[in-house]
Amino acid sequence: MKLAVCVKEVLDSRLPLQVVPQTGEVTHLASARVTLINPSDRAALEVALMLKDQNPDSRVEVFSVCAAGEDNALYFALARGADSVERLAPDRHLAGPPYTALLLASRFANEKFDLICCGDETLDNSSAMVGPLIAELLDYPQLTGVTKVRECSCGKLLAERSLDRGHRELIEMELPGVVTFKIEAAEPRYVSVRRLEQARRREIAVRQLDIVPSKSRLPRWPDAEKKVPPRARVKRKFTPDSNLPPAERVKMIMAGGVAPQQSSQNSAILEGDSEYLSEQLFRFLRHHEFI
Amino acid sequence: MEQITREIEWNVTLWMQVFLYVGAFAGVLIAGWRLSRRYHVWKLGRSANVQVSIPRSLANAIAWILNRGKMPRDGFASLMHLLILWGFIILFIGTTLVFLERQTPLHFFYGPFYLVASAVIDLGGLGFLIGLGMAVYRRYVQRQPRLKASAWVGTLLGLMIAIGVTGFLLEGFRISVTMPGFEKVSFVGYGLALMFRAGGLATEELTRLHRADWLLHAALSIAFFGLATVYFFRHIIVSVLSVALRPTRARGALRPYELSPESNPSGSVFDMTWKDLLDADACTACGRCTSVCPATAAGKTLDPRGVVLKLSDLVSRHASRRDGTTPSAFDTITERELWDCTTCGACVYECPVDIEVFDKIIDLRRQLVDVGNISPAARGCLEGLEHRQNPWDYPPAQRATWSETLKLPGIVLGKKPEWIYWIGCAGAFEPSAQSISRAMVEILRQAKVDFVVLGSEERCTGDPARRMGDEGLFQRFRNKNLETFRRHGIHKIVTHCPHCFNTFKNEYRDGGEPEFEVIHHSQLLSHLISEGKIRLTGSTADKQVTFHDPCYLGRHNGEFTAPRTVVDSLPGMKRVEMPRSREKSFCCGGGGGQMWLESRGQQRVENVRLSEARQTGASLVATACPFCKVMLETASVTAGQQDQVKIKDISELLSETMER
Amino acid sequence: MSAIASSISDTGFGSDMPLILVLAECYWGQVQKVTLELLGDARKLAAAIKGRVEVALLTSPLHSDGAVHELRPYLQERLHLVEAPLLENYTTDTHLCVLEALLNRVRPRIVMLGATANGRDLGPRLAARMGMGYAPHCLLIRSGTAGRLDITRISHGGRVHVQSAWLMETPLIITMKPGVADAVSTNRSPGELNVERHSADVRSERVRVIEPIPADPKTQDIREAERVVSGGRGVGGPEGFAVIRELADALHAAVGASRVAVDLGWIEYARQVGQTGKAVAPQLYVAVGISGASHHLMGMRSSEKIVAVNTDRQAPIFAVSHFGVVGDLHKVLPRLSNRIRQHKAQAKDVTESAGV
């Protein structure tokens, strides 16, 4: 089996971020940039390697569309045990998920990969477009949001796909195809620093593809986007109900309840008797539509 | 006058002699061959970064034989071993004298020399048997928990007793035939001879019995030589080597770990160091390490003796392997065992033959980490370290948040400060430890110590990375921190964290000259108190306090006094010692990466320690390590005793009672 | 691959009233709430750009009546209904080919989908196939100056907003982040339902849904749960977890635990939330009897809404909770669970008695 994995090095957006006003660049607040291999890409890589373990004469080839200094994800894949890694050099003037998908699909066009594995979305752009677009360009079937591969044999993939609200479905796809994986799809394996540094000493193959985007089936994408810090959307805040029905007020008095205290602007911390507290909890949950 | 001597090999035929010499030769050959096989397996191990110095090794070995190293710590065992060892040596010398007298032109075995020698030999033999009796008592009657009552041991003990007994019988039979008066010096033999005579045995019978017993004694002795390298009996020879090659580095420093680029560690003998393989064969299976291991005490799967013996077993398996297979330590050692270790060093402190016990455990961890075979919690911690420079996975930007309102003096490039107060990751991120940092800042300011902090230039020292087994990650931190120190010309560091202290002191220089001086805050504080720079007011109520020795300050680095001085200087405090204190201190359970790993096992290590503290009647536990503080606090919460016992760092206690 | 027949004539592309087509999200015949949010957004946008809204619903003949019935109280717009057996479950190929044909037929200017699992699966590919623009995971669409549409989408997991401006004439597919917009409420005076049926000959050879695996908070990994109710030291013992489970059941939430509860053996390690357990970021995290030590906070502080119940007013958990209650969980939780069950029973009664 020939497996292709698409990876990307991203900014660790779980750390505090800031948008640099002049350049619109997103970087880390008060510290050096921390980047890592996109976690769902890492899961995709793990699944591919697991499939390789199950089918020993398979190959796992890893690709990334990135500039020369942003290829840490490829070195990681190498250290983790990929059979080969390759950097697809993008044109300096073109960017965006459709272009990325185009480069990848062009690379895969004549290669006969059985399965193309991608992460479902990146920590930075979060557009979740590249996987489906590769499938469209190659006219392959696709599965997105896969959380578990149950079986991969006889040209078919049997997998669990995640839907919303915790629901999942068991779904089958014919190969060749494109699958995007969620972070939960695999428990990642640790790669020691020694192996990372060992991988660093190796050369990564680079390929330049001459592609003309206008000739391909791609969605239109804005030429320019502006990044801004999020503006808090003020939704009607929940406040504990001080206008309790008389019956409840009496109950409170009889129980020696204490008036609710507001500790900070953002949250309420209430004290009182259990009836009062449970009722307020109920209202809070109701207000935020958990009930 | 009768000649005071005896006829050597009286009643011993030529064939018997042939049997003895051939047999003995064969026995020694077998033993030698077995040892040599093991030696060749040891050589397969990788380099141990050990400078082998013959003079020092000899000195170690001799000193150990004379003063018996750590044996005296257990009085009964010490006496027992002394009797067995020296009894055996005396008997052996006796046999050698006999051999020399017979087989060489030397002629000395007569007259006063003979009388003295015979008496001493009998004493030796008696001591030998008494020692063995003590051993049997200890193992089978008293049933000491750390001693296994296995069939092998029983057989070997029995064999030695039989040798001793048959030896005495031999003497008895010999004497009983002629009953020379001077043989009263061989009091045991003489006594036996009297008994035989009294029993009415005829001379012929005695002669026959003597011959038979001689053969038996010879056979048993040959068997003994042959079996001298089986099971823990190897220690007779190998332990001398392990003691001779005892490491000279500080106890708190782990060995560096260099793998060749192609290697793929799998737990085979090639992946262990030769020293570890040799050590494992030196193990006497005494179980002292296990008896003091905190993980074992808390019911976890780790059994340090087990790990060492399994490594010894690996050597055996490798020596006897069939072509094509390479046995691995991981065939018998589980990952769980390895991850239970807190690196407290109690095992190394106790081991009578200087086996580097926990170093082996860490080395095996290193192999697991290299292959990536670790639990999600361990992975989370190591990756957090790699990306965020701290093991708690906090955003690096928050490192200085704890001190925002304190306006701490930061380091300025170009200005050489006197002291750097190194906060460490715990002191910066862990709320319970932040109060230690705050207390220290107050004290340093009050005592007008000229200090600065590195603020966001601090990063983890790499200690958790090293203990958890990623040596490459440790080296990264080490290099970056050393670069920071050099850039700023830092040469004096004080830290409240013993882990940082240990790593800076012992692991940041690897044999070269230290580039900077580092002290622990307890040392600085006790100095400040003695200089009168801090004055204490009598504001604490009479409290009973016990001091918990941190492993990385105490056992690993020998500092027990300074923190006690600080506690004793607090007015109104009554300090009591826990039964396991100082070098014998019982770990809090936080070291070796345990702070970030999942906990398993019947009990928590920290709860075991907390109960011990509570049993002293103390309502306050003083610590000198942020990890100890957090672990013991967690223990008090888990045990529901937060109100009954408080855990405080010495700096917090000082700050509370300090005159401002 | 498919043929579409329609009984009503089309509205031309480039007509004065641009068409905003809302794609209803439907699982196994059940219309999802995000559809109502989309309708809300679509109506607002239509008002701003002087457009009109229509709704497309793809489902199987088995479920179409039920689905239409569910939508009816909210619908003021024309409904394009496509029925085919293979549309019962979502697969990319079936929906793509049906929508390709439908879009070619009705020529919308803007297509709106929810940025749900299926929406994000379909959106990019549909946009590529149709050559339309694509704006993923959007929060806001505003009519801007000079005939432009200002769209704000999220990136970096929601920590950065990305703004782009689209020419009004560009046909566009937009996926909207669920849970942001207000859902439309039912029509006060429902009129005749305007349904345009389309048939489709749909064949899917490459992907097949075998069976649904419904969410079971009891067995699913807590990281996947949308809601978690966690118990800590205050629960007091394994029996104490019964009230936690009760509340979790009532809220359709998964049960989690703090390190202390797991260490004391009250509940299994798989449920441990925190630094040495799992990191969760559900929409609702209820911390019961949990003090909020830093290692626990690290495992749940990114939750959308945090509710805390604890007897200790000074517990650190209250510093991160959105709503806190200082009380005895053994008394408060059962009452709360009761209240929730009561409410559900009432709601059920209402719908049943309304005869719908």
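**Student:** Would you mind showing me how to read helix H12 (residues 304-319) of chain B here?
**Tutor:** For an α-helix, 3.6 residues make a turn, and residues three or four places apart therefore share a direction. All names here are of chain B. With 16 residues, H12 should reach 22 Å at 1.5 Å per residue; the first-to-last C-alpha distance of 23 Å fits that figure. Residues of H12 that are buried include every one of Pro304, Arg305, Gly306, Val307, Val308, Leu309, Leu311, Ser312, Leu314, Val315 and His318, and no others. Close packing links the buried residues of H12 with helix H1 (14-44), helix H9 (274-282), helix H10 (288-292), helix H11 (294-297), helix H13 (335-339) and helix H15 (357-371).

**Student:** Would you mind showing me how to read helix H7 (residues 203-227) of chain B here?
**Tutor:** Residue and element names in this part refer to chain B. Over its 25 residues, H7 extends 35 Å from the first C-alpha to the last, a length consistent with the 36 Å expected when each residue adds 1.5 Å. The complete set of buried residues in H7 reads Leu206, His210, Asp213, Trp214, His217, Ala218, Leu220, Ser221, Ile222, Phe224 and Gly226. Here the buried face of H7 lies against H1, helix H3 (75-103), helix H5 (151-178), helix H6 (187-198) and helix H8 (235-244).

**Student:** Explain the pattern of salt bridges to me, please; I cannot follow it from the model alone.
**Tutor:** One side chain can pair with another of opposite charge once the charged atoms of both are near each other. Residue and element names in this part refer to chain C. Under the criterion given, the structure shown has 90 salt bridges over all chains. Arginine 78 is the partner of glutamate 196 in a salt bridge, and the nearest nitrogen-oxygen pair spans 3.5 Å. A residue pair is termed long-range when its members are at least 10 positions apart, and glutamate 196 in strand S11 (residues 195-199) and arginine 78 in strand S5 (residues 78-83) qualify at 118 residues. The partly exposed category is assigned to arginine 78, whose relative accessible area is 22%.

**Student:** What should I look at first to understand the pairing of strand S15 (residues 284-288) of chain C in this one?
**Tutor:** For a regular strand, side-chain orientation follows a simple rule: the groups alternate between the two sheet faces. Residue and element names in this part refer to chain C. Counting buried positions along S15 yields five of five residues, so the element is predominantly enclosed. Burial of the side chains of S15 extends over both faces: Leu284, Val286 and Val288 are buried on one face and Tyr285 and Ala287 on the other. By the bridge criterion, five bridges tie strand S13 (residues 227-231) to S15 in an arrangement that is parallel. Of the residues in S15, the one forming a bridge with glycine 231 is valine 288. Relative to strand S16 (residues 305-310), S15 is paired through five bridges, and the arrangement is parallel.

**Student:** For this particular structure, what's the right way to read empty space enclosed by the protein?
**Tutor:** By rolling a water-sized probe across the atoms, one finds the places where empty space is left. For the coordinates displayed, the defined rule picks out eleven cavities of 30 Å³ or more. Counted as a void, the largest cavity has a volume near 220 Å³. Lining the largest cavity are 19 residues, and of these Ala24, Glu25, Cys26, Tyr90 and His95 of chain C lie nearest its centre. Residue assignment for the lining of the largest cavity shows that the elements contributing at least two residues are strand S2 (26-27), strand S4 (52-59), strand S6 (110-114) and helix H4 (117-130) of chain C. The element contributing the most residues to the lining of the largest cavity is H4 of chain C, with three residues. Taken together, the residues that form the lining of the largest cavity break down as ten nonpolar, seven polar and two charged. In this model, the second largest cavity occupies a volume close to 130 Å³. Forming the walls of the second largest cavity are 18 residues, and the residues nearest its centre are Cys425, Cys460, Pro464, Cys500 and Phe627 of chain B. At the level of secondary structure, the elements contributing two or more residues to the lining of the second largest cavity comprise helix H17 (424-429), helix H19 (463-468) and helix H21 (498-507) of chain B. When residues of the lining of the second largest cavity are assigned to their parent elements, the largest contribution, four residues, is made by H17 of chain B.

**Student:** I'm lost on the interface of chain A and chain B in this one. Help?
**Tutor:** Taken together, the contact between chain A and chain B spans 22 residues of the former and 26 residues of the latter. In total, chain A and chain B occlude about 2,000 Å² of area from one another, counting both sides; carbon and sulfur atoms represent 50% of this. Contact with chain B buries surface across chain A, with Tyr190, Val193 and Arg194 of chain A losing the most and accounting together for 35% of the total. Counting the contacts that link chain A with chain B gives six salt bridges. Across the salt bridge formed by glutamate 197 of chain A and arginine 476 of chain B, the nearest N and O atoms sit 3.2 Å from each other. At the level of secondary structure, the elements contributing two or more residues to the side of chain A that touches chain B comprise strand S5 (35-37) and helix H5 (193-200) of chain A. With six residues, the single largest contributor to the side of chain A that touches chain B is H5 of chain A.

**Student:** What's the story with the side chain of asparagine 506 of chain B in this structure? I'm lost.
**Tutor:** Residues and elements named next belong to chain B. Along the chain, the position of asparagine 506 falls in helix H21. A distance of 2.8 Å separates the side chain of asparagine 506 from the side chain of asparagine 502, its partner in a polar contact. Among the polar contacts listed, one links the side chain of asparagine 506 to the side chain of asparagine 557, at a separation of 2.8 Å. When near neighbours in sequence (up to four residues on either side) are disregarded, asparagine 506 contacts Ala250, Ala253 and Asn557.

**Student:** Would you take a moment to explain the interface of chain C and chain A for this structure?
**Tutor:** Interfaces are often sized by the amount of accessible area the parts lose when they come together. Between chain C and chain A, the residue contacts involve 81 residues of the former and 84 residues of the latter. Inspection of the chain C/chain A interface yields twelve salt bridges. The partner of glutamate 121 of chain A in a salt bridge is arginine 120 of chain C, and the shortest N-O contact between them spans 3.3 Å. Linking chain C to chain A there are 37 residue pairs in polar contact (both at pLDDT 80 or more). Here the side of chain C that touches chain A gets nine residues from one element, more than from any other, and that element is H4 of chain C. A class-by-class count of the residues in the side of chain C that touches chain A yields 35 nonpolar, 22 polar and 24 charged. Relative to strand S9 (residues 160-167) of chain C, strand S14 (residues 226-228) of chain A is paired through three bridges, and the arrangement is antiparallel.

About the cut-offs
- Residues numbered from 1 in each chain as written.
- Chains lettered and ligands numbered in written order.
- Predicted model: local features only at pLDDT ≥ 70, side-chain atom pairs only at ≥ 80, totals over all residues.
- Heavy atoms only, no water.
- Helix = DSSP H or I, 4+ residues; strand = E, 2+ residues; numbered from the N terminus.
- Expected span 1.5 Å × (residues − 1).
- Buried < 20%, exposed > 50% of the residue type's maximum accessible area, 1.4 Å probe, protein only.
- Contact = heavy atoms within 4.5 Å.
- Salt bridge = Lys/Arg side-chain N within 4 Å of Asp/Glu carboxyl O.
- Pairing = 2+ DSSP bridges.
- 1 Å grid on protein atoms, 1.4 Å probe; cavity = no way out; pocket = protein on both sides within 12 Å on 5 of 7 lines; lining within 4 Å.
- Points joined across faces, edges and corners; volume = space filled by probe spheres on them.
- Nonpolar A, V, L, I, M, F, W, Y, C, P; charged D, E, K, R; others polar.
- Buried area = accessible area lost by both parts, 1.4 Å probe.
- Polar contact = N/O pair within 3.5 Å; in protein donor to acceptor, adjacent residues only side chain to side chain.

Just distances and angles here, no functional claims.
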